Structure formats: C-alpha cells, structure tokens
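Fold and geometry: a report
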Amino acid sequence: MYKNLIINYAKNMTINDITEFTKKNNITISEEDKMTIYNHIKKYYNVFFNNPISYIKKLKGTINDETYYNILILYDKYKDLL
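Here the structure is a predicted model, which is why all the values come from computation and not from measurement. (Residues numbered from 1 in each chain as written. Predicted model: local features only at pLDDT ≥ 70, side-chain atom pairs only at ≥ 80, totals over all residues. Heavy atoms only, no water.)

1. So, the overall build of the protein chain
Each helix and strand counted, the protein chain has five helices and zero strands in total. The helix and strand sequence of the protein chain, counted from the amino end, reads α-α-α-α-α. Its C-alpha atoms give the protein chain a radius of gyration of 12 Å, within 12% of the compact-globule value 12 Å for 82 residues. Considering the protein chain as a whole, with its 82 residues, one finds that 34% of them fall into the buried category. Sequence-distant contacts, at least 24 apart, represent 58% of the contacts inside the protein chain between residues at least 6 apart. When the accessible surface of the protein chain is split by element, carbon and sulfur atoms take 53% of a total near 5800 Å². Within the protein chain, the 9 negative side-chain charges are centred at a point lying 8 Å from the centre of the 12 positive side-chain charges. (Helix = DSSP H or I, 4+ residues; strand = E, 2+ residues; numbered from the N terminus. Rg over C-alpha atoms; globule rule 2.2 N^0.38 Å. Buried < 20%, exposed > 50% of the residue type's maximum accessible area, 1.4 Å probe, protein only. Contact = heavy atoms within 4.5 Å. Areas by Shrake-Rupley, 256 points an atom, 1.4 Å probe, with all protein chains shown as cover. Lys, Arg positive; Asp, Glu negative; His and termini not counted. Charge placed at Lys NZ, Arg CZ, Asp CG, Glu CD.)

The structure is reproduced here in structure tokens:
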C-alpha cells in the first residue's frame, strides 16, 4: 500500500534517520550495524520488496544477532504497510 512512499524515503534517507528510528523504538545498535543496514537499504531497497524475509535473512551473520532479531520484530510490526 505504501510501497512507493517507502521506496522514495529509502532513496533519500540518511544515517541520521536510522539513528533517530532506533532511538524512537528503544533499540541499541552499534555504529557498525547501523552502517551495514544503511548501506544495504541504500543499495538494495528495491530487492527488499521482491522478497522481504529472504532479504532480511541475508543480513544474518553480517550484523549483531540482537540487531537481526530487532529487524525481524520491526518487520513483523510494519509488514502490513508493504
């Protein structure tokens, strides 16, 4: 439903947007994980919409386990907006 809005946001997002989002959701994230997620979003935002769970699973092992599980929780929370 909000796919185009989310894609446009992803194209223009900054690292500060991730910082603010994690703060708002009381999530602690390392700078390394933040950069990894930011770079993946900027590079692969279109891929994500083809198969979100498969794409999220690709992040496992590249980020901290706690960060990975927080992403799964957030995906579950917001997936109906896709």
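There is more to say after this.
2. Details of the pattern of salt bridges
Using the criterion set out here, one finds two salt bridges in the structure. Note that Glu 31 and Lys 34 form a salt bridge whose closest N and O atoms lie 3.0 Å from each other. With Glu 31 and Lys 34 both in helix α3 (residues 31-50), this residue pair falls three residues apart, about one helical turn. Notably, a salt bridge pairs Lys 79 with Asp 76, separated by 3.0 Å at the nearest N-O pair. Owing to a relative accessible area of 49%, Asp 76 belongs among the partly exposed residues under this scheme. (Salt bridge = Lys/Arg side-chain N within 4 Å of Asp/Glu carboxyl O.)

3. Brief notes about the side chain of Lys 34
Lys 34 gets classed as buried once you look at its relative accessible area, which sits at 7%. At 3.0 Å, the side chain of Lys 34 forms a polar contact with the side chain of Glu 31. Ignoring anything within four residues of it in the chain, the contact list for Lys 34 reads Ile 15, Ile 18, Thr 19 and Ile 29. (Polar contact = N/O pair within 3.5 Å; in protein donor to acceptor, adjacent residues only side chain to side chain.)

4. A short note on the confidence of the model for the protein chain
Here the protein chain shows a mean pLDDT of 88. Residues at 70 or above account for 98%. The secondary-structure element of the protein chain with the lowest mean pLDDT is helix α1 (residues 3-12), recorded at 83, while helix α2 (residues 15-24) shows the highest, at 94. (pLDDT = per-residue confidence, 0-100.)

5. Structural notes on unusual backbone geometry
Peptide bonds are mostly trans, and most non-glycine residues show a negative phi. One non-glycine residue, Asn 26, adopts positive backbone phi at about 55°. Structurally, the position occupied by Asn 26 is in the loop between α2 and α3. Taking the relative accessible area as the measure of exposure, Asn 26 reaches 70% and is therefore exposed.

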